[in-house]
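The lines below spell out each chain.
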Amino acid sequence: MKLNRKQKNVTLHLTLLLIVMILMVMSLPMVINDWHLSSSYNYDLLIKICLILNTVFLCCFWINGFKDVVYVLFYLIKKKKFDQIEKECFNQKKANPQINNPKVLLLYCTCNDFMSECLLSSMEQEYSNFETIILDDSSDKFFLDKIDEFSLKYDTRVVRRKNRIGFKAGNINNYLKGKDDYEYFIILDSDEIIPPNFIIDSLKVFEAYQDVGIVQARHTGTRNENYFMQIFARSIKANWPTYLQTKQYYGFQFFFGHGALISKNCYQASGGFPHLVAEDLCFSLKARLKGYYTIYANSIECQEQFPVDYYAFKKRHSKWTQGNLEFLKKYGRFIFTSSLSWYEKFDLILFTFNLPLMAVFSIYLIMNLIIFPLLKFSPHYELWILIPTILVFLAPTLNDIIYFLRVKSIYRFITYWLSSLLLYGSLFFLSLTTYLKSMLGVKARFIVTPKSSKALNLFDAIFLSKGELFYGAVLTLISLIFTHSILPVILIIIPAFSSPLLFLLHKKENMKVMILQEPLMENNAAMPLKASIESISFSRNALLLETDILIVANQGEVKAQFLIADKKLKDNNIFLTVEEQKKFRRRIRYPLNTTMISFTDISDLY
């Protein structure tokens, strides 16, 4: 195999542009009619300018919305081919990576959010020649002591720096710059768990392709501690394969900052990670222009946590929006003059401008809610235009709809769909303020997503939602004054007013469940299952002490389920007393069938 321009295909983006062009041609008579009508009004020049802007905004919204439709359709049509290509990659008759045995560095990045159980699970690699290094930017003594204790216990290196210049990128560069005694490195976020086959299978991808510099693994959301995480974590599993597998052949593929194996040659040729908030996106572009591609490995599955609550989710969204805007300001002109193909440029701009587009939508609202009514002019829209507009509105959830059809859970889908409309619709105010700050020259900040939820009551939730509530109230007032109706803004103000509710969703905690893999209990196969479990000495773990349910599973199938009746501590170990439950769910989604013990919650059960 060889990855080159011939494997990239222009069909997807031509299809997208053709759809939007047809819609624009169909709407042209309306625009022309409004243009002629405006001549009989005062301030006709201002009306004409607004009509042009209105048409441009409408075109942008259609492109952005139908992008999701076209991507999902191409994925469904080409999925078997995508899977077959990847299967051939892993079944190739080449040397085992263990024989060549290149040195791999496992770089765990943390800043006051160290999660020892995640790192420990990630260190259980089937590959032998790797070294774990904790790149610690923490300032909190609690985490500093916790990391030092882990380092001594598991013989891992800890690297700290005197300054924290360059955010996460600076942390990584501080260790790798000038270092040459390795061939590949992995970047791990604090809440991430990579599977034991991660290094071996990622190296197989490097062997299968030429020109590859980054292998990005698939991610899915697990360890959902509360109802907020339970609802929205499904989006990770639903969306990663659809967009990333398709982008590999039809667009610009980039790495997502974690869960990826990167070659030393790619890193050094690209000059390291740019000291920007969106260091992953910037590095992907620099690597691509140096001739290195990013390959998405759908069959290598990593686990991560969805933001623990609405507060953490907003923090992450703010960071992503700031990062995308900073990227566009720094690299926008450079992208257009680069050697990338036109559809790679188009794809890159589409996906990076997706978050800031929510803020630009406010300009569209101002024109239609204030300027046109003040000018006593009303643009004419025919009824048919509602069809693509509604489709654009639903497009971001199209992939989720298909995913839930496979899962066959209508209740879960309705809950997820309605909650998602409120969640992402409530971000308009945050996107707008972030966009305005960026335009005013406020420097982007790297925000570490909080890993623990905030204890809130209703008053706290209302106070924290003051921006969204104010935004919703102002929009409502403007719409009533100028249009005498709230219908034009109903889909924005309802999510804005729902912010306090979103803040409180995490208060409903999930039941912790421990998964015990049956194949790793073979030493006790002669004993009854209950007695076998009660004979196992578990290492003392705070999460285990909070767990009430134990499930024995094999290849995702539940073999038995037990209620943990008692936990006895002996010599820093835990022995369980369990009672078997006759009724239980038959299958589990996680954890992967690779580790003896993992922690999940009821939301991960089918």
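The preceding data block contains the structure.
Scoring rules and cut-offs
- Residues numbered from 1 in each chain as written.
- Predicted model: local features only at pLDDT ≥ 70, side-chain atom pairs only at ≥ 80, totals over all residues.
- Heavy atoms only, no water.
- Helix = DSSP H or I, 4+ residues; strand = E, 2+ residues; numbered from the N terminus.
- Buried < 20%, exposed > 50% of the residue type's maximum accessible area, 1.4 Å probe, protein only.
- Contact = heavy atoms within 4.5 Å.
- Areas by Shrake-Rupley, 256 points an atom, 1.4 Å probe, with all protein chains shown as cover.
- Core = buried A, V, L, I, M, F, W, Y, C linked by side-chain atoms within 4.5 Å.
- Pairing = 2+ DSSP bridges.
- Axes fitted to C-alpha atoms, helices over the stretch in contact; angles between N-to-C directions.
- 1 Å grid on protein atoms, 1.4 Å probe; cavity = no way out; pocket = protein on both sides within 12 Å on 5 of 7 lines; lining within 4 Å.
- Points joined across faces, edges and corners; volume = space filled by probe spheres on them.
- Nonpolar A, V, L, I, M, F, W, Y, C, P; charged D, E, K, R; others polar.
- Arc of directions from axis to C-beta.
- Phe/Tyr/Trp six-rings, centres within 6.5 Å; stacked < 30°, edge-to-face > 60°.
- Lys NZ or Arg CZ within 6 Å of the ring centre and 35° of its normal.
- Parallel < 35°, antiparallel > 145°, perpendicular 65-115°, else oblique.
- Left-handed = near helix turned anticlockwise from the far one by under 90°.
- Salt bridge = Lys/Arg side-chain N within 4 Å of Asp/Glu carboxyl O.

Side note on the overall build of the protein
So, point 1. A tally of helices and strands in the protein yields 24 helices and 13 strands.
So, point 2. The buried share of the protein, reckoned over its 606 residues, is 55%.
So, point 3. Restricting to contacts in the protein with at least 6 residues of sequence separation, those with at least 24 account for 79%.
So, point 4. Per element, the accessible surface of the protein, about 27700 Å² overall, is 61% carbon and sulfur.

Here's the deal with the nonpolar core
So, point 1. Core analysis: the biggest nonpolar cluster contains 113 residues, and Trp62, Leu119, Phe198 and Tyr209 have the highest contact counts within it.
So, point 2. Looking at which element gives the most residues to this core, the answer is helix 2 (residues 44-90), with 19 residues.
So, point 3. Grouped together as the second largest cluster of nonpolar side chains are 22 residues, Leu105, Ile187, Tyr267 and Phe273 included.

Focus on the sheet that holds strand 5 (residues 212-221)
So, point 1. Strand order in this open sheet of 7 strands is 3-2-1-4-6-5-7, and the pairing throughout is mixed. Bordering the open sheet on either side are strand 3 (157-159) and strand 7 (293-304), each of which pairs with just one other strand. For this sheet the average axis-to-axis angle between neighbouring strands, irrespective of direction, equals 25 degrees.
So, point 2. Note that strand 5 and strand 7 share 9 bridges and pair parallel. If you follow Arg218 over to strand 7, its bridge partner there is Glu301.
So, point 3. With respect to the sheet, helix 5 (residues 141-154) is in contact with strand 1 (104-110), strand 2 (130-136) and strand 3, its orientation differing from that of strand 2 by roughly 165 degrees.
So, point 4. Helix 7 (residues 198-208) contacts strand 1, strand 2, strand 4 (184-188), strand 5, strand 6 (260-263) and strand 7 of the sheet and is inclined by roughly 140 degrees relative to strand 5.

A few points about the environment of Tyr435
So, point 1. Considering the arrangement of structural elements, one finds Tyr435 in helix 18 (residues 428-439).
So, point 2. Sequence spacing of Tyr435 and Leu325 is 110 residues, and the spatial spacing of their C-alpha atoms is 7.5 Å.

Side note on empty space enclosed by the protein
So, point 1. Applying the stated criterion across every chain, the model contains 5 cavities of 30 Å³ or more.
So, point 2. Taken together, 13 residues line the largest cavity, and the ones lying closest to its centre are Val31, Asn54, Thr55, Leu58 and Tyr381.
So, point 3. Secondary-structure elements contributing two or more residues to the lining of the largest cavity are helix 1 (11-38) and helix 2.
So, point 4. Along the lines of polarity and charge, the residues of the lining of the largest cavity split into 8 nonpolar, 4 polar and 1 charged.

So, unusual backbone geometry
So, point 1. Backbone geometry places Asp211, a non-glycine residue, at a positive phi of 70 degrees.
So, point 2. Examined against the element boundaries, Asp211 turns out to sit in the loop between helix 7 and strand 5.
So, point 3. Take Asp211: its relative accessible area is 30%, and that puts it in the partly exposed class.
So, point 4. With a phi close to 60 degrees, His484 is a non-glycine residue in the positive phi region.
So, point 5. With respect to the helices, strands and loops of the structure, His484 is situated in the loop between helix 20 (466-483) and helix 21 (490-497).

Considerations on helix 21
Think of an α-helix as turning once every 3.6 residues; residues three or four places apart then point the same way.
So, point 1. If you check which residues of helix 21 are buried, you get Ile492, Ile493, Pro495 and Ala496. Down the axis, helix 21 shows its buried residues gathered within 165 degrees of arc, on one side only.

Re the packing of aromatic side chains
So, point 1. Taken as a whole and assessed by the stated rule, the structure comprises 37 aromatic pairs.
So, point 2. For the ring pair Phe150 and Tyr154, a centre distance of 4.7 Å and an interplane angle of 40 degrees mean the geometry is tilted. Placement of both Phe150 and Tyr154 in helix 5 is noted, with a separation of 4 residues, approximately one turn of the helix.
So, point 3. Residue classification places Phe150 among the buried positions, given a relative accessible area of 5%.
So, point 4. Lying over the aromatic face of Trp35, Lys48 brings its terminal NZ or CZ to 5.2 Å of the ring centre.
So, point 5. Lying over the aromatic face of Phe463, Lys466 brings its terminal NZ or CZ to 4.1 Å of the ring centre.

Quick look at the packing of helix 11 (residues 279-289) against helix 12 (residues 310-337)
So, point 1. In contact at an axis separation of 10 Å, helix 11 and helix 12 are set at 20 degrees when each is read in the N-to-C sense. Compared by their axis directions, helix 11 and helix 12 come out roughly parallel. Residues Leu281, Cys282, Leu285, Lys286 and Leu289 of helix 11 lie in contact with helix 12, whose contacting residues are Asn324, Phe327, Tyr331, Phe334 and Ile335.
So, point 2. Along the lines of polarity and charge, the residues of the contact of helix 11 with helix 12 split into 8 nonpolar, 1 polar and 1 charged.

Details of the packing of helix 2 against helix 15 (residues 386-394)
So, point 1. Running from amino to carboxyl end, helix 2 crosses helix 15 at an angle of 60 degrees, the nearest separation of the two axes being 8 Å. The orientation of helix 2 relative to helix 15 falls into the category oblique. Relative to helix 15, helix 2 is oriented so that their crossing is left-handed. Touching Phe61, Trp62, Gly65, Phe66 and Val69 of helix 2 are Pro388, Thr389, Leu391 and Val392, all from helix 15.
So, point 2. When the residues that make up the contact of helix 2 with helix 15 are grouped by side-chain class, the tally is 7 nonpolar, 2 polar and no charged.

Quick word on the pattern of salt bridges
So, point 1. Scanning the entire structure with this criterion turns up 18 salt bridges.
So, point 2. The residue Glu131 makes a salt bridge to Arg157 at a minimum N-O spacing of 3.4 Å. Placement of the pair is Glu131 in strand 2 and Arg157 in strand 3, with a sequence separation of 26 residues.
So, point 3. Glu131 sits in the partly exposed class, given a relative accessible area of 22%.
So, point 4. Note on Arg157: relative accessible area 38%, which makes it partly exposed.
So, point 5. Between Lys314 and Glu468 there is a salt bridge; the shortest N-O distance is 2.9 Å.

Observations regarding the side chain of Ser499
So, point 1. Structurally, Ser499 can be placed in helix 22 (residues 499-504).
So, point 2. Ser499 sits in the buried class, given a relative accessible area of 0%.
So, point 3. Contacts of Ser499, omitting those with residues within four sequence positions, involve Tyr310, Ser426, Ser465 and Glu468.

Let's talk about the pairing of strand 6
So, point 1. On strand 6, burial covers both faces: Ala260 and Ile262 on one face and Leu261 and Ser263 on the other are all buried.
So, point 2. As paired elements, strand 4 and strand 6 share 4 bridges and run antiparallel to each other. Bridge pairing in strand 6 places Ile186 opposite Leu261.
So, point 3. Where strand 5 meets strand 6, 3 bridges bridge the pair, whose relative direction is antiparallel. Bridge pairing in strand 6 links Ile214 to Ile262.

Examining the environment of Cys50
So, point 1. In this fold, Cys50 is placed in helix 2.
So, point 2. C-alpha separation for the pair Cys50 and Met367, spaced 317 residues apart in sequence, amounts to 7.0 Å.
So, point 3. Non-local contacts of Cys50, meaning those with residues more than four positions away in its chain, are made with Met367, Ile371 and Phe372.

Bear in mind that shape data such as this cannot, by itself, settle questions of function.
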